[in-house]
Each structure stands twice: as structure tokens, then as C-alpha cells.
Amino acid sequence: MTLRDLLRDNKDAVVERWLEDVLATYPGDAGAAFRRQKDPFANPVGHSLRTGTLRVFESLLDGIDDEAVRQDIAEIIKIRAVQQFSASQAVSFVFQLKAAIRAQLGTTVEDPKLSVELVQLEEQIDRIALVAFDVFVHCREQVYELRINELKRNVSWVVERMNRRGNDTELDLDPSVIETPESTNGQREGVQ
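Basis of the calculations
Sequence order as written defines residue numbering, which begins from 1 separately in each chain. For a predicted model such as this one, the threshold for reporting local features is a pLDDT of at least 70, and the threshold for listing and counting side-chain atom pairs is 80 or more; totals across whole chains, interfaces and linings nevertheless cover every residue. Excluding hydrogens and water, the side-chain values take into account all heavy atoms of the structure. To qualify as a helix, a DSSP run of H or I must reach at least 4 residues; to qualify as a strand, a run of E must reach at least 2; elements of each kind are numbered from the N terminus. To sort residues, take the accessible area from a 1.4 Å probe on protein chains only and compare it with the maximum for the residue type: under 20% means buried, over 50% means exposed, and anything in between is partly exposed. Whether two residues are in contact is decided by their heavy atoms: any pair within 4.5 Å suffices. The accessible surface values rely on the Shrake-Rupley method and a 1.4 Å probe; as for residues, cover is taken only from the protein chains in view. Whenever a helix is involved, its axis is fitted only over the stretch in contact; in every case the axis is a line through C-alpha atoms, and angles between N-to-C directions fall within 0 to 180 degrees. Angle categories are assigned with fixed cut-offs, so that under 35 degrees is roughly parallel, over 145 is roughly antiparallel, 65 to 115 is roughly perpendicular, and the rest are oblique. Crossings are sorted by hand: turned counterclockwise from the far helix by less than a right angle, the near helix makes the crossing left-handed, and turned clockwise it makes it right-handed. Residue classes follow a fixed rule: Ala, Val, Leu, Ile, Met, Phe, Trp, Tyr, Cys and Pro count as nonpolar, while Asp, Glu, Lys and Arg count as charged, and any other residue, Gly among them, counts as polar. Take the residue count of a helix, subtract one, and multiply by 1.5 Å to get its expected span.

1. Comments concerning the overall build of the chain
The helix and strand inventory of the chain stands at eight helices and zero strands. In the chain, the succession of α and β elements from N to C terminus is α-α-α-α-α-α-α-α. The proportion of buried residues among the 192 residues of the chain is 32%. Sequence separation of 24 or more characterises 74% of the internal contacts of the chain that already satisfy a separation of 6 or more. Looking at the chain as shown, the accessible area adds up to about 12400 Å², and 54% of this sits on carbon and sulfur atoms.

Below you can see the structure in the form of C-alpha cells.
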């Protein structure tokens, strides 16, 4: 029996263990909430994590097609890119697959016949992590571009308002509300 055959036989257990490890990376009760609710509409993050981990694992078993893996891993990484994860934290879950496989298969993976296959499988997991990092960087760039564009829109709105006010001959400011250094000092002196 090959390592891939063993993994196919234990697919559900390995993916469930891996998903638990991924959910453990979320702070507080977030992981528990993502775990608890199975409805994809009520819990899109949990659903994406659940389906994404399963698809990545199946891609690993079927032989890695870079584009398919990129799409599968993107489902998870897009979520993690907008959350408060550093790049290493966002991508680290991929490496947790190695531990999930070893934990689920136990001493079976120590068989010398399987050791070569295990090394190859772990190299493929490393390739998946590199793809995940690329996807993460791309997603973060998009988030920053959105933020910059939003700031530009806000600044242009403020400048436009200021220009319109500057063209008005009369300002609608109440002089009694305007603080001057003299009025501020006087108030402070009166309070003391």
C-alpha cells in the first residue's frame, strides 16, 4: 500500500484534524464559532475553511495542478489576508498539514517503504505554502490599493468642500465660537 492510498483511506480524519489546527489559529471564540455553524450563509468563513482544506488535500492526493491549488488555497488565504494575520501566520496553516498527516497515520509513516513518499509529499506541501504566500501577497496588495483609493476619494471630497467654501464671500462661522489665543488664556485664567 502506498502513502497516497493510506491518505485516501484516512482522508476525512486527516482533513478534520487539519481543519481543527487551522481553526486553532484564530483568537478567542472565533475558531469555535467557525467550527460550530455549518451553514455556508450564516458562516461563510467556516465554510470556506472547511471546503478549502478539503480541496487542497484532494489536490495533494491527485497530484498538484498549480492553477487548481492556487484557486483552492485562495479560498482560505483571501479571508486571512483581510484579517489581522501577519504573512507567516496567514500561511502557517499549510505547514500544519504535515503534522496532521503524521499525527493521523502515527507510526505507519515511519515505515522505510513510505519514507521516500513522505518526503515527496512534504515537498509538495512546501510548494503549496509558497503558492499560498504568493496569493497572500497579491490579496494584501489589493487591500492596500482599496484603502489608498478610499483615502484619495475622502481627501478629494474634503478639498472640494474647502474650495467651495473658499469661493463663498461670507463664511457662516459664528465669531463667538472661534477660539483665539487671547480668549483661551482668558478662559484659563478665569477658571483658576
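2. Considerations on the packing of helix α2 (residues 11-23) against helix α6 (residues 87-105)
The interhelical angle for the contact between α2 and α6, taken along N-to-C directions, is 135 degrees, at an axis separation of 9 Å. In terms of axis orientation, α2 runs oblique to α6. Seen from above, α2 lies across α6 with right-handed handedness. Residues Ala-13, Val-14, Arg-17, Trp-18, Asp-21 and Val-22 of α2 form the contact with α6, whose participating residues are Phe-93, Val-94, Gln-96, Leu-97, Ala-100, Ile-101, Ala-103 and Gln-104. Of the residues belonging to the contact of α2 with α6, the class tally is ten nonpolar, two polar and two charged.

3. Quick notes on helix α4 (residues 44-62)
Between its terminal C-alpha atoms α4 stretches 26 Å, which fits the 27 Å expected from 19 residues at 1.5 Å a residue. Of the residues one or two after α4, Gly-63 is the one with positive phi, at around 100 degrees.

4. Here's the deal with the environment of Lys-78
With respect to the helices, strands and loops of the structure, Lys-78 is situated in helix α5 (residues 66-82). The class of Lys-78 is exposed, set by a relative accessible area of 53%. C-alpha separation for the pair Lys-78 and Val-137, spaced 59 residues apart in sequence, amounts to 10.0 Å.

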